[in-house]
Amino acid sequence: MRKIDTRDFGEAEVKESEIFSFPNGVYAFEEEKEFALLNPLGAGVYPMWLQSVNSSSLCFIVFDPELIDEGFTVVLNESERKLLDIQDDSEIRCLVIAKVPENYKETTVNMKSPIVINSRNNRAIQVILPMDYPFRLPIYTEEVV
């Protein structure tokens, strides 16, 4: 277990298996190389928090893109596959970063630039997909009464 300071939950203990290594950092935060995945709502329950291990103020709310779009597909180029050390596509796990405004019903997720994780070695990168996914996909729809 490792203790880290978090933006939203104070000090937290995380398992080493919940810490991801980002060799290139995350876009706009390239100096941040380690993030912990926090699941305060329960194991496997989204949203989750992707918290920087070294900077308590840096934290992203993340979702599983397949919960938003069942047909979500990731295509990695050879250098991305090599950086992640992907040996089999079953090792690939993805997260998408949410932008949560004050009115949470206006939350959007970035489907174009997911975080791709090798679940075998916990190495992760953020990629820009060649497919036509939106950068800001609303996740809540208006209900018609």
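Residues numbered from 1 in each chain as written. Predicted model: local features only at pLDDT ≥ 70, side-chain atom pairs only at ≥ 80, totals over all residues. Heavy atoms only, no water.

**Considerations on the pairing of strand 2 (residues 10-14)**
What counts here: DSSP bridges decide pairing: two strands pair if at least two such bridges lie between them. Per the convention used, a helix needs a DSSP run of H or I reaching at least four residues, while a strand needs a run of E reaching at least two, with both numbered from the N terminus.
In terms of strand pairing, strand 1 (residues 2-6) meets strand 2 through five bridges, oriented antiparallel. Pairing of Thr6 across the sheet is with Gly10, part of strand 2. What sits between strand 1 and strand 2 in their antiparallel hairpin is a turn of three residues.

**Considerations on the confidence of the model for the protein chain**
Close inspection of predicted coordinates is inappropriate for parts of the model with low pLDDT. Quick note on the threshold: How sure the predictor is of each residue is captured by pLDDT, a score from 0 to 100.
For the protein chain, per-residue confidence averages 93 on the pLDDT scale, and 97% of positions sit at 70 or higher. No element of the protein chain has a lower mean pLDDT than strand 11 (residues 137-138), which averages 93, and none a higher one than strand 9 (residues 115-118), which averages 98.

**A few points about the nonpolar core**
Applicable threshold: Among buried residues, the Ala, Val, Leu, Ile, Met, Phe, Trp, Tyr and Cys ones that are joined through side-chain atoms within 4.5 Å form a nonpolar core. We call a residue buried when its accessible area falls under 20% of the maximum for its residue type, exposed when it is over 50%, and partly exposed in between, using a 1.4 Å probe and counting protein chains only. Any two residues whose heavy atoms approach within 4.5 Å are treated as being in contact.
Ranked by size, the top nonpolar core spans 40 residues in total, and within it Phe22, Leu50, Phe60, Val62 and Ile115 carry the most contacts. Other than its neighbours up to four places away in sequence, Phe22 contacts Glu32, Lys33, Phe35, Leu50, Ile115, Ala124 and Ile125.

**A word on the packing of aromatic side chains**
Where we set the bar: In this analysis, rings of Phe, Tyr and Trp, with Trp reduced to its six-membered ring, are considered paired at centre separations within 6.5 Å, and the interplanar angle assigns stacked below 30 degrees, edge-to-face beyond 60, and tilted for intermediate values.
Taken as a whole, this structure holds six aromatic pairs when the rule is applied. With a centroid separation of 5.8 Å and 70° between ring planes, the pair formed by Phe29 and Phe60 is classed as edge-to-face. Placement of Phe29 in the loop between strand 3 (19-21) and strand 4 (34-38) and of Phe60 in strand 6 (residues 59-63) is noted, with a sequence separation of 31 residues between them. Relative accessible area serves as the criterion here: at 29%, Phe29 is assigned to the partly exposed category. Both rings, one in Phe72 and one in Tyr133, keep their centres 5.0 Å apart while their planes meet at 40°; by these two values the pair is tilted. With Phe72 in the loop between helix 1 (65-68) and helix 2 (78-84) and Tyr133 in the loop between strand 10 (123-126) and strand 11, this pair connects stretches of sequence that are 61 residues apart. A relative accessible area of 7% means that Phe72 is categorised as buried.

**Re the environment of Asn39**
Summarising the element assignment, Asn39 is placed in the loop between strand 4 and strand 5 (48-52). Among the residues examined, Asn39 registers a relative accessible area of 28% and is labelled partly exposed. For the pair Asn39 and Leu50, spaced eleven residues apart in sequence, the C-alpha separation works out to 8.9 Å. Apart from the residues within four sequence positions on either side, Asn39 is in contact with Gly44 and Met48.

**What to know about the pattern of salt bridges**
The condition that has to hold: Salt-bridge detection follows one rule: a side-chain nitrogen of Lys or Arg within 4 Å of a carboxyl oxygen of Asp or Glu.
In this structure the tally under the stated criterion is six salt bridges. Among the charged side chains, a salt-bridge network with shared partners connects Arg2, Glu16 and Glu34.

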